[in-house]
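Understanding the architecture of this molecule
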Amino acid sequence: MAFLLGEILQSVELWLKLIKKPQPEAYVNPNLDPVLLVPGVGGSILHAVSDADGSQERVWVRFLSAEYKLKTKLWSRYDPSTGKTESMDPNSTIKIPEDRHGLYAIDILDPDLMIGGEAVYYFHDMIVEMRKWGYQEGKTLFGFGYDFRQSNRLQETMDQLAAKLESIYHAAGGKKINIISHSMGGLLVKCFMCLQSDIFEKYVNNWVAIAAPFQGAPGNINSTFLNGMSFVEGWEQSLYISKWSMHQLLIECPSIYELRGCPNFQWQHVPVLELWRERHDSEGKSHTVLESYPPCDSIEILKQALVNNTVNYDGEDLPLPFNMDIFNWANKTWEILSSAKLPSQVKFYNIYGTNLETPHSVCFGSGDKPVTDLQQLRYFQAKYVCVDGDGTVPIESAKADGLNAEARVGVPGEHRGILCEPHVFRLLKHWLKAGHPDPFYNPLNDYVILPTAFELERYKEKGVEVASLKEEWEIISKDQDEQSNTADKMCSISVSHEGANQSYSEAHATVVVHSDSEGKHVQLNALAVSVDAS
């Protein structure tokens, strides 16, 4: 069945490629400063290159035969003498393709998948948008893919990034570079800024970090160590890699240990690993208790849970316990990251995701079904205590960059989906000075609660319940309203309602439509007030 489905997918994708219309020649703005896009964990295409004849095949990401290729080409063992994780396959080497000046590796992670392709889009939407602004691949737009299994401070990766920055600098005629990083890419760039500060200062103009786990993603990573991880959801998951096969890869990846976060960070609420355990009193009677383990204490739980973990590779069972060598390496990485200093000539901007429940602490077991054997934790469903964030990285972690930021902006959006958000594009266009200035851009009012916090507090002091809408901007295509004039239009809307028990509610909204050469911008400010007089 799976084979037939694969044949159907390949046939349809081939047909779609054949009928795809050629794209018109893109607009190019030669005055733009170059941009380098740096992805996060799992965000780079990886090729396995045969040591014998140099032939290569894509092993990450792919949907057809994905599980088999992961096990045979990407499963790895960590070498503490080098700090590098090496593939178990002795006959091939993992390489990152450099096609399209590095953009191919971070654009669409499975270029052959044209059905359900959004699941493997990475920087694709951003690349398309930036080309509309006049960026040109190889002149002002570049990508930096890397082996995301490795540590964010691996010397080999640091050297590759240094060479990439130098080559871009010369290709762009001596212009300094704007770096846009996503997720774990922010940790990699920050490590580079610490370890190669002179090169960073020489070549970098601006750095924009998007959804970066500056203090880790403890809830997701703790569950990853015990249950594994899925990189895609929905129907595509049935064609992809099982969570436990992914676990067996990630348990030997320094990058994942580094995502546990800084051990010394002062959280407002400390993330914990919770277990419902069965205990016996002095009389031998059993009872169930909820035990909480803060980050340092949870290491012992992870060690016990994975003490007998093995992987079968080429017919041989190999031990894969929680790796204390990698854990110690990761702690050293956090010492480096904690000492980071932003060069005075470089401007830093931080965009973080909001409005989604994001794992912070993780709990296993229940009062009715406690954990009796830690080595069985992999079979328990993780339950999360969530905070606000992007679904992966808590706001508190993403905002705690420790740098002198020009701006920190929260944008409602999902961890990977935020790379497609129009509001993010608008921020980037403004910060990077790409194209004509936006006359309606107001950085003070973008995605802040309206009315002001002072006004909200004033209503609350009167015992009233207050709700408000966020300001949102939307571009309406000129094609949809060709006959309209260019004058700004404004209208006000008021609604009131008298309910039972002398309760009263009213809402006010102001809608302003601004016109410009690109179309229309719609601004909405709204406030609702409810009074219960009973």
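Chains are numbered independently. Their residues run from 1 in the order of the written sequence. Confidence filtering applies because this is a predicted model: local features only for residues at pLDDT of at least 70, side-chain atom pairs given and counted only at 80 or more, and all residues used for totals across whole chains, interfaces and linings. Working from all heavy atoms in the structure, the side-chain values ignore hydrogens and water.

By the naming in an unreviewed UniProt entry, the protein is Lecithin-cholesterol acyltransferase-like 4, taken from Sphenostylis stenocarpa.

1. So, the overall build of the protein
Strands are runs of DSSP state E lasting at least two residues, helices are runs of H or I lasting at least four, and both sets are numbered from the N terminus onward. When you go through the protein residue by residue, the secondary structure sums to 14 helices and 22 strands. Partly exposed describes any residue whose relative accessible area lies between the buried limit of under 20% and the exposed limit of over 50%, with all areas from a 1.4 Å probe on protein chains only and scaled to the type maximum. Here the protein holds 534 residues, and the buried ones make up 50% of them. We call two residues in contact whenever any of their non-hydrogen atoms come within 4.5 Å of each other. A separation threshold of at least 6 residues defines the contact pool for the protein, and within that pool the share at least 24 residues apart is 73%. About 26000 Å² of surface is accessible on the protein, with carbon and sulfur atoms providing 51% of the total. Methods summary: accessible areas were calculated by the Shrake-Rupley approach with a probe of 1.4 Å, and residue burial reflects only the protein chains presented.

2. A closer look at the sheet that holds strand β7 (residues 141-143)
Two strands pair if DSSP finds at least two bridges between them. Strands sit in the order β7-β1-β8-β9-β14-β17 across an open sheet of six strands; the sheet is parallel. Single-partner strands in this sheet number two, and they are β7 and β17 (407-412). Geometrically, the sheet is characterised by an average inter-axis angle of 20° between neighbouring strands, direction not taken into account. One ladder, built from five bridges, connects strand β9 (residues 204-210) with strand β14 (residues 347-354); its direction is parallel. Each bridged residue has a counterpart across the sheet, and for Ile 210 the counterpart in β14 is Ile 351. Comment: axis = line fitted to C-alpha atoms, over the contacting stretch for helices; angle = value between 0 and 180 degrees taken between N-to-C directions. Packing of helix α13 (residues 422-431) onto the sheet brings it into contact with β8 (177-182), β9, β14 and β17, and relative to β17 it is tilted by some 160°.

3. Remarks on the sheet that holds strand β16 (residues 383-389)
Pairing in this open sheet of four strands is mixed, and the strands run β11-β10-β15-β16 from one edge to the other. In this open sheet, the two edge strands, each paired with only one partner strand, are β11 (286-293) and β16. For this sheet, the mean inter-axis angle between neighbouring strands, taken without regard to orientation, is 25°. Of the strand pairs in this sheet, strand β15 (residues 356-364) and β16 are connected by seven bridges, and their pairing is antiparallel. Considered in β16, the bridge of Thr 358 is made with Val 387. Contacting β10 (273-280), β15 and β16, helix α7 (residues 218-227) crosses the sheet at an angle of about 45° to β15.

4. What to know about α13
Of all 10 residues that make up α13, seven are buried, and the element is covered over most of its length. For α13, the complete set of buried residues consists of His 423, Val 424, Phe 425, Arg 426, Leu 427, Leu 428 and Trp 431. Of the residues flanking the end of α13, it is Lys 433, one or two places downstream, whose phi is positive at about 55°.

5. Side note on empty space enclosed by the protein
Whether a set of points on the 1 Å grid over the protein atoms alone is a cavity depends on a 1.4 Å probe fitting there but being unable to get out, while an open set qualifies as a pocket with protein on both sides within 12 Å along at least five of seven lines; lining residues are those with an atom within 4 Å of a point. Grid points are joined across faces, edges and corners, and a volume is the space filled by probe spheres set on the points. Per the stated rule, a full pass over the model turns up one cavity of 30 Å³ or more. Quantified by volume, the largest cavity comes out at close to 30 Å³. Split by residue class, the lining of the largest cavity holds four nonpolar, two polar and one charged. Note on residue classes: Ala, Val, Leu, Ile, Met, Phe, Trp, Tyr, Cys and Pro are nonpolar, Asp, Glu, Lys and Arg are charged, and everything else, Gly too, is polar.

6. Thoughts on the pairing of β10
Looking at chain direction, β10 and β15 are connected through three bridges and run parallel. Each bridged residue has a counterpart across the sheet, and for Leu 275 the counterpart in β15 is Phe 364. Count of turn residues in the β10/β11 antiparallel hairpin: five residues, of which Gly 284 carries a positive phi of about 85°.

7. Some details on the packing of aromatic side chains
Only Phe, Tyr and Trp rings are paired, with Trp represented by its six-membered ring, and only when their centres lie within 6.5 Å; those with planes under 30 degrees apart are stacked, over 60 edge-to-face, the remainder tilted. Within this structure, the stated rule accounts for 16 aromatic pairs. Ring centres 6.1 Å apart and planes at 80° place the aromatic pair Phe 214 and Phe 348 in the edge-to-face group. Of this pair, Phe 214 sits in the loop between β9 and α7 while Phe 348 sits in strand β14, and the two are 134 residues apart along the sequence. The buried category is assigned to Phe 214, whose relative accessible area is 1%. Phe 348 sits in the buried class, given a relative accessible area of 0%. Taking 4.4 Å as the distance between ring centres and 20° as the angle between the ring planes, the aromatic pair formed by Tyr 349 and Trp 431 counts as stacked. Here the residue Tyr 349 occupies a position in strand β14, and Trp 431 occupies one in helix α13, the gap between them amounting to 82 residues.

8. Some remarks on the pattern of salt bridges
Two side chains carrying opposite charge are able to pair once their charged atoms lie near each other. By definition, a salt bridge exists where a carboxyl oxygen of Asp or Glu is found within 4 Å of a side-chain nitrogen of Lys or Arg. Tallying each qualifying case throughout the model produces 16 salt bridges. Taking the shortest distance from any N to any O, the salt bridge between Lys 164 and Glu 98 comes out at 3.2 Å. Taken together, the residues Lys 164 in helix α4 (residues 155-171) and Glu 98 in the loop between β6 (92-95) and α3 (124-132) connect sequence positions 66 residues apart. We classify Glu 98 as partly exposed; its relative accessible area is 45%. In this structure, the salt-bridge partner of Glu 291 is Arg 277, at a minimum N-O distance of 3.3 Å. Of this pair, Glu 291 sits in strand β11 while Arg 277 sits in strand β10, and the two are 14 residues apart along the sequence. A single burial state applies to Glu 291 and to Arg 277, both of which are buried.

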